[in-house]
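What the coordinates show
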2 protein chains.
Amino acid sequence: MEDSAPPRGCSMFAWLVGASQVLGLASVVLTGVWMGHYRGGFAWDGSSYQFNLHPLCMVLGLVFLQGDAILVYRVFQNEAKRNVKMLHGIIHLLALIISIIGVVAVFDFHRAAKIPDMYSLHSWCGMATLVLFCVQWVMGLLFFLFPVASSWLRASYLSIHVFCGLVLVVMSIGSCLLGITEKLLFSIMPVYSLFAPEGVLANILGILLVSFGVLLCYMITREEYRRPPNPEEESLSVHFKTLTEGGSPTTP
Amino acid sequence: MEDSAPPRGCSMFAWLVGASQVLGLASVVLTGVWMGHYRGGFAWDGSSYQFNLHPLCMVLGLVFLQGDAILVYRVFQNEAKRNVKMLHGIIHLLALIISIIGVVAVFDFHRAAKIPDMYSLHSWCGMATLVLFCVQWVMGLLFFLFPVASSWLRASYLSIHVFCGLVLVVMSIGSCLLGITEKLLFSIMPVYSLFAPEGVLANILGILLVSFGVLLCYMITREEYRRPPNPEEESLSVHFKTLTEGGSPTTP
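Fair warning: this is a prediction, and the values are worked out from it, not measured in the lab.

**Some words on the overall build of chain A**
Scanning chain A from N- to C-terminus turns up eight helices and zero strands. Walking chain A from its N terminus toward its C terminus, one meets helices and strands in the order α-α-α-α-α-α-α-α. For chain A, with 252 residues in total, the buried portion stands at 53%. In chain A, 76% of the contacts between residues at least 6 apart in sequence involve partners at least 24 apart.

As structure tokens, then:
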């Protein structure tokens with residue numbers, strides 16, 4: 001019965017998920033329009049057209065896909081936990097690959113244009129986010145997909161993993177906002193203060209990203225949207241359990 | 001007994017509070033050094049020296065004091081809840097006043113220098129944060145200090161109030177980072193990429209602000225650092241209760 005029962009506050013939750021997807025996709029589309037229409041499009045030749053891939057990859061990978069990877073635990077409440085875990089890990093891996101392509105794009109462009117790397121607050125925050133994202137993904141793999149840690153250790157680490165996941169999404173969005181501001185001031189400083197359409201579009205992109213982040217954090221932190229405990233999950237957890245302790249981690 | 005017992009995980013919590021205060025105060029001091037030493041100091045004459053008050057007021061009011069106002073519920077676990085509520089409201093009011101002075105400083109400077117207002121992503125995010133902060137403060141006052149709402153309504157609103165408080169601190173920090181990036185690109189763009197000391201100092205300020213935010217969110221969201229339920233608080237809540245319903249809000 002519990003398996004097929006709709007989650008509590010289901011209708012409101014469905015609206016929130018829908019709204020988050022609209023906001024996330026609109027952010028990706030707006031980034032594409034900004035870089036495609038206002039900044040001349042995309043290429044992989046060390047030119048500024050290669051740079052244009054950077055914002056697109058970061059918004060798609062580090063924000064939208066990372067956010068959705070977190071959301072799968074709330075959305076697929078009636079799926080077997082192992083499948084949801086796999087999906088969570090795979091979307092995160094995809095997000096990581098796209099983000100790394102985005103970072104390579106900008107380093108390549110810097111090298112070709114002889115622009116120094118890693119001097120700005122945007123680059124410091126962005127690189128810290130990406131490195132911590134890699135660490136979080138590897139730790140998640142070791143703790144939850146391959147059972148190298150004991151059940152007790154996994155249960156202890158779970159709340160840290162969830163907290164760090166949300167911090168990483170927020171840091172990703174913050175880094176994107178810094179990138180938007182940097183790009184606008186490098187490209188259109190003389191007309192930015194005249195409310196040039198490109199500036200307004202990029203500002204709206206920033207507001208959409210913030211809204212996506214707020215909605216995501218709300219859905220993840222609300223108790224009523226958590227995956228309810230499920231006896232089937234408990235028995236599944238036992239498959240991953242190492243020899244030392246009893247019990248299994250609680251639901252993320 | 002419960003009143004005088006130390007909170008769970010007390011020693012670790014004390015270290016975390018200490019670290020957050022070091023990070024917060026270091027952020028305020030670093031902003032003062034940046035504006036005082038590198039940007040020529042402070043004045044209230046419509047000049048760029050008046051602008052310099054803007055970052056200082058926002059970091060002090062919107063980040064440090066707002067963060068500490070939230071933290072009082074976790075730090076003063078053995079104080080009467082009414083006193084802690086008052087302290088929470090008073091520090092927030094102080095934060096609000098200092099933030100408004102900071103905003104007036106920059107609008108005055110813009111008027112004198114004939115710079116348009118509210119065109120940048122920093123200004124959009126910052127103004128949204130300040131307006132929502134005012135709304136949150138008034139709502140907090142009405143719901144929790146003056147009992148205009150029923151107990152049931154207050155209990156329902158409490159989790160929203162706590163969530164919005166954390167969102168506001170994060171948005172404040174994000175707005176500060178955007179302001180740091182804007183100020184650096186307006187002031188030292190030619191030498192920022194050469195790792196000019198002013199740029200490095202401002203980047204470090206950004207990292208300190210992010211660290212303060214992460215630590216604060218960690219302390220507020222950890223279950224073991226929450227104020228434990230207290231029968232005395234329950235009876236105090238009854239004083240604020242309006243006529244309609246029974247029960248009292250849970251602890252923030």
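Back to the text.
**Here's the deal with the relation of the copies chain B and chain A**
Least-squares fitting of chain B to chain A yields an RMSD of 0.0 Å, with the transformation described by 0.0 Å of translation along the axis and a rotation of 180 degrees. Here the copies are linked by what is in effect a two-fold axis. The residues that chain B uses at the interface reappear at the interface of chain A in 100% of cases, marking a shared surface.

**Considering the UniProt feature "transmembrane region" (unreviewed entry) in chain A**
Residue and element names in this part refer to chain A. In this structure's numbering, the residues bearing the UniProt feature "transmembrane region" (unreviewed entry) are residues 12-33, 53-75, 87-107, 127-146, 158-180 and 200-220. Taken end to end, residues 12-33 has its terminal C-alpha atoms 31 Å apart, with 100% of it in helix and 0% in strand. The annotated region residues 127-146 carries 95% helix and 0% strand content, and the separation between its end C-alpha atoms amounts to 27 Å.

**Description of the nonpolar core**
Counting residues in each nonpolar core, the largest one holds 123 residues, and the members touching the most others are A:Leu177, A:Ile180, A:Leu209, B:Leu177, B:Ile180 and B:Leu209. Sequence-distant contacts of B:Leu209, that is, excluding residues within four places in its chain, are made with B:Ser27, B:Val59, B:Val63, B:Ile173, B:Cys176, B:Leu177 and B:Ile180.

**Some details on the environment of A:Leu121**
Along the polypeptide, A:Leu121 turns up in helix H5 (residues 121-145). Residues A:Leu121 and A:Ser175 lie 54 residues apart in sequence; the distance between their C-alpha atoms is 8.6 Å.

**Section: the interface of chain B and chain A**
Each partner contributes residues to the interface: chain B has 34 residues there, and chain A has 34 residues. Of all residues in chain B, B:Tyr119, B:Leu121 and B:Phe163 bury the most surface against chain A, accounting for 20% of the area lost on that side. Our count for the chain B to chain A interface comes out at zero salt bridges. Taken together, chain B and chain A are joined by eight residue pairs in polar contact (both at pLDDT 80 or more). Elements with a contribution of two residues or more to the side of chain B that touches chain A: helix H5 (121-145), helix H6 (151-192) and helix H7 (197-221) of chain B. Broken down by element, the side of chain B that touches chain A gets its largest block of residues, 14 residues, from H6(B). Looking at the side of chain B that touches chain A, its residues break down into 24 nonpolar, seven polar and three charged.

**A word on the confidence of the model for chain A**
Residues and elements named next belong to chain A. With 87% of its residues at a pLDDT of at least 70, chain A reaches an overall mean of 90. Confidence over residues 1-5 falls short of pLDDT 50; this stretch has seven contacts with residues more than four positions distant or in other chains. Ignoring residues within four places in sequence, the model shows residues 235-252, a span with pLDDT below 50, making 44 contacts including any to other chains.

**Quick look at the pattern of salt bridges**
Residues and elements named next belong to chain B. Applying the stated criterion across every chain yields a total of eight salt bridges over all chains. Measuring nitrogen to oxygen at the nearest pair gives 3.6 Å for the salt bridge that ties Glu223 to Arg226. Taking relative accessible area as the criterion, Glu223 reaches 55% and is therefore assigned exposed. Owing to a relative accessible area of 28%, Arg226 belongs among the partly exposed residues under this scheme.

**Thoughts on the side chain of A:Ser27**
Following the sequence through the fold, A:Ser27 ends up in helix H1 (residues 10-38). For A:Ser27, the side chain forms a polar contact with the main-chain oxygen of A:Leu23, separated by 2.7 Å.

**Overview of a nonpolar patch on the surface**
Residue and element names in this part refer to chain A. A cluster of nonpolar side chains, namely Trp44, Leu93, Ile97, Ile100, Ile101 and Val104, defines an oily patch on the protein surface of about 500 Å² accessible area. Within the fold, Ile100 resides in helix H4 (residues 81-113). Ile100 gets classed as partly exposed once you look at its relative accessible area, which sits at 37%.

**Comments concerning the packing of H6(B) against H7(B)**
Residue and element names in this part refer to chain B. Put simply, H6 and H7 touch, their axes get as near as 9 Å, and they point 175 degrees apart. In this view, H6 runs roughly antiparallel relative to H7, as classed from their interaxial angle. Looking at the contact of H6 with H7 residue by residue, the class counts come to 18 nonpolar, five polar and one charged.

**Thoughts on the packing of aromatic side chains**
In this structure the tally under the stated criterion is 16 aromatic pairs over all chains. Centroid distance A:Phe163 to B:Tyr218: 5.3 Å. Interplanar angle 70 degrees. Geometry classified as edge-to-face. With A:Phe163 in helix H6 (residues 151-192) and B:Tyr218 in helix H7, this pair bridges two chains. Like A:Phe163, the residue B:Tyr218 is buried in the burial classification. By way of ring pairs, the aromatic residues A:Phe143, A:Phe144 and A:Tyr157 are connected into one cluster.

What counts as what
Throughout, a residue's number is its position along its own chain's written sequence, starting from 1. Whichever chain is written first is A, and whichever ligand is written first is 1; the rest continue in order. Restriction of local features to residues with pLDDT of at least 70 applies here, the model being predicted, together with a cutoff of 80 or more for giving and counting side-chain atom pairs; totals for whole chains, interfaces and linings are based on all residues. The side-chain values count all of the structure's non-hydrogen atoms but skip hydrogen atoms and water molecules. Helix and strand assignments come from DSSP, with helices taken as H or I runs of at least 4 residues and strands as E runs of at least 2, each series counted from the N terminus. Categorising residues by exposure relies on relative accessible area from a 1.4 Å probe, with only protein chains included: less than 20% of the type maximum marks a residue as buried, more than 50% marks it as exposed, and the intermediate range marks it as partly exposed. Throughout, a residue-residue contact means that at least one pair of heavy atoms, one from each residue, lies within 4.5 Å. The copies are overlaid by a least-squares fit using only the C-alpha atoms of residues whose pLDDT is at least 70 in both copies. UniProt positions are given in the numbering used here, feature names are shortened, and annotations may be inferred rather than shown by experiment. Residues enter a nonpolar core if they are buried and are Ala, Val, Leu, Ile, Met, Phe, Trp, Tyr or Cys, with the set joined through side-chain atoms within 4.5 Å. Buried area is a sum: the accessible area each of two parts loses on coming together, probed at 1.4 Å, counted once for each and added. Think of a salt bridge as a Lys or Arg side-chain nitrogen and an Asp or Glu carboxyl oxygen that are within 4 Å of each other. Polar contact is defined as a pair of N or O atoms within 3.5 Å, subject to the rule that within protein one atom must be able to donate a hydrogen and the other to accept it, and that residues adjacent in sequence are counted only when both atoms are side-chain atoms. Ten residues, namely Ala, Val, Leu, Ile, Met, Phe, Trp, Tyr, Cys and Pro, are considered nonpolar, four, namely Asp, Glu, Lys and Arg, are considered charged, and the remaining ones, Gly among them, are considered polar. pLDDT runs from 0 to 100 and stands for how confident the predictor is about each residue. Patch membership requires more than 30% relative accessible area and the absence of a salt bridge. Residues of like charge join within 9 Å; the nonpolar side chains Val, Leu, Ile, Met, Phe, Trp and Tyr join within 5 Å. Only the protein chains shown count as cover for residues, and the accessible areas themselves come from Shrake-Rupley with a 1.4 Å probe. The axes are straight lines fitted to the C-alpha atoms, using for helices just the contacting stretch, and the angles between their N-to-C directions are given from 0 to 180°. Any angle between 65 and 115 degrees counts as roughly perpendicular, while under 35 counts as roughly parallel, over 145 as roughly antiparallel, and the rest as oblique. Here the aromatic set is Phe, Tyr and Trp, taking the six-membered ring for Trp, and pairing holds for ring centres within 6.5 Å; pairs whose planes are under 30 degrees apart are stacked, those over 60 apart are edge-to-face, and all others are tilted.

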